[in-house]
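The lines below spell out each chain.
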Amino acid sequence: MYKINENYLKLPGSYLFSTIGKKVNAYSAAHPEKKIIRLGIGDVTQPLAPAIVKALHGAVEEMGREETFQGYAPDLGYAFLRETIAECDYRSRGCDIEADEIFISDGAKCDCGNIQEIFSMDNRIAVCDPVYPVYVDSNVMAGRTGTYDRRRETWSDVIYMPCTAENDFVPELPEKGKEPDLIYLCFPNNPTGSAITKAELQRWVDYANQVGAVILYDAAYEAYITEDNIPHSIFECQGAGSCAIEFRSFSKNAGFTGLRLGFTVIPKN
Ligand SMILES: Cc1ncc(COP(=O)(O)O)c(C=O)c1O
């Protein structure tokens with residue numbers, strides 16, 4: 001007799017954005033004349049760039065010819081892409097990242113959600129508050145978050161790190177005695193839009209190395225950084241190679257939300 005994973009039943013609602021989508025659909029059906037300003041899931045607004053469209057057409061042509069047809073891609077991604085990312089996104093910024101430390105995937109959301117599976121169940125997670133919902137929801141489904149307080153809308157075993165105007169939307173290090181094992185950081189941040197300076201991020205890297213935590217760093221929005229003192233990658237910080245995993249996406253910089261492409265960087269040391 002099959003049994004449902006009880007942890008799924010603990011989720012207080014469905015995934016936040018699908019709940020918002022349902023509410024918006026119900027409202028527009030009931031009020032077709034109303035104009036709606038959508039503050040739920042964001043999407044890109046521009047079509048694919050001509051160079052991407054040309055490359056996609058070329059790839060389809062390749063797949064249609066016997067001499068150039070390709071079946072399954074290499075499981076960790078095509079070498080040409082991993083090499084290009086290592087060079088253009090990392091080594092050109094002084095980060096010591098090799099192609100074999102880059103894993104091509106179908107998007108940052110999947111990787112941010114799946115990564116927790118490689119960690120033990122008794123790891124304690126810390127998240128910014130407010131936060132992109134995938135980090136907490138995937139840990140709820142795994143059974144790592146304890147019990148849910150409906151009134152406070154918080155989980156008993158999650159360390160919440162408030163990001164408010166008072167701290168300039170950059171979380172403070174957790175209190176002594178409340179050290180997390182997995183720290184989810186996202187900069188530039190969704191939903192606050194705030195960025196973190198290199199000096200501030202270095203404090204987090206030093207802290208993680210000191211307490212033996214792993215920083216799961218979501219840099220999906222790095223392409224929007226224009227200031228010199230804001231790092232595009234956590235690997236711009238000294239010592240990040242021994243405590244950080246970074247998630248990147250082609251959704252925001254190249255309009256790949258529908259195509260699905262991202263990558264995760266896990267340094268060897
Ligand atoms: C912080 C953050 N990470 C990851 C994603 C998802 O990226 P992808 O489209 O590559 O799955 C989003 C999308 O909204 C996001 O806001």
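Under the annotation held in an unreviewed UniProt entry, the protein chain carries the name Aminotransferase and is attributed to Acetatifactor muris. Regarding the protein chain, the UniProt comment filed under Cofactor (unreviewed entry) reads as follows: "pyridoxal 5'-phosphate". What UniProt records for the protein chain under Pathway (unreviewed entry) is the sentence "Amino-acid biosynthesis; L-lysine biosynthesis via DAP pathway; LL-2,6-diaminopimelate from (S)-tetrahydrodipicolinate (aminotransferase route): step 1/1."

1. What about the UniProt feature "domain: Aminotransferase class I/classII large" (unreviewed entry) in the protein chain?
Here the UniProt-annotated "domain: Aminotransferase class I/classII large" (unreviewed entry) positions come out as residues 35-267. The straight-line gap between the two end C-alpha atoms of residues 35-267 is 47 Å; of that span, 26% is helix and 16% is strand.

2. Here we look at the site of the ligand
Residues in close proximity to the ligand total 14 residues, the closest being N190, D218, Y221, S249 and S251. Measuring from an oxygen atom of the ligand, one finds a side-chain N or O atom of Y221 at 2.7 Å. Within the side chain of S251, one N or O atom sits 2.5 Å away from an oxygen atom of the ligand. Within the residue set of the shell around the ligand, elements represented by two or more residues are α5 (108-114) and α8 (251-254). Of the residues contributing to the shell around the ligand, the split by class is 6 nonpolar, 4 polar and 4 charged.

3. What to know about the state of the cysteines
Throughout this description, disulfide means a covalent bond between two cysteine sulfur atoms. For the coordinates displayed, the defined rule picks out 0 disulfides. Residue C237 stays outside any disulfide, its sulfur separated by 8.8 Å from that of C243, the closest cysteine.

4. With respect to the pattern of salt bridges
When the charged atoms of two side chains with opposite charge come close together, those side chains can pair. Counted by the stated rule, this structure contains 9 salt bridges. Here E67 and R65 are joined by a salt bridge, their closest N and O atoms 3.8 Å apart. Given the relative accessible area of 37%, R65 is considered partly exposed. Taking the shortest distance from any N to any O, the salt bridge between R91 and E98 comes out at 3.6 Å.

5. Observations regarding the side chain of R248
Residue placement: R248 occurs in strand β8 (residues 244-249). Accessibility expressed as a relative area gives 2% for R248, which makes it buried. In terms of polar contacts, R248 uses its side chain to reach the side chain of D89, at 3.0 Å. Engagement of the side chain of R248 in a polar contact is seen with the backbone oxygen of H232, the distance being 3.3 Å. Residues in contact with R248, not counting those within four places in the same chain, are D89, Y90, A108, A219, E222, H232, S233, G262 and F263.

6. Description of the pairing of strand β9 (residues 262-265)
Here β9 shows no split at all, with G262 and T264 on one side and F263 and V265 on the other all buried. The pairing of strand β1 (residues 102-105) with β9 spans 4 bridges and is classified as antiparallel. Looking at β9, one finds that I102 is bridged to V265. Pairing of β8 with β9 involves 4 bridges; the strand directions are antiparallel. Residue pairing in the sheet places E246 in a bridge with V265 of β9.

7. A look at the pairing of β8
A regular strand carries its side chains on alternate faces of the sheet. Burial analysis of β8 places 6 of its 6 residues in the buried class, the great majority of the element. Side chains of β8 alternate between two faces, with A244, E246 and R248 and I245, F247 and S249 buried alike. Taken together, the 4 bridges between strand β7 (residues 214-218) and β8 define a ladder with parallel strand orientation. Looking at β8, one finds that I215 is bridged to A244.

Rules of the game
Residues numbered from 1 in each chain as written. Predicted model: local features only at pLDDT ≥ 70, side-chain atom pairs only at ≥ 80, totals over all residues. Heavy atoms only, no water. UniProt positions renumbered as here; feature names shortened; annotations may be inferred. Helix = DSSP H or I, 4+ residues; strand = E, 2+ residues; numbered from the N terminus. Near = heavy atom within 4 Å. Polar contact = N/O pair within 3.5 Å; in protein donor to acceptor, adjacent residues only side chain to side chain. Nonpolar A, V, L, I, M, F, W, Y, C, P; charged D, E, K, R; others polar. Disulfide = S-S within 2.5 Å. Salt bridge = Lys/Arg side-chain N within 4 Å of Asp/Glu carboxyl O. Buried < 20%, exposed > 50% of the residue type's maximum accessible area, 1.4 Å probe, protein only. Contact = heavy atoms within 4.5 Å. Pairing = 2+ DSSP bridges.

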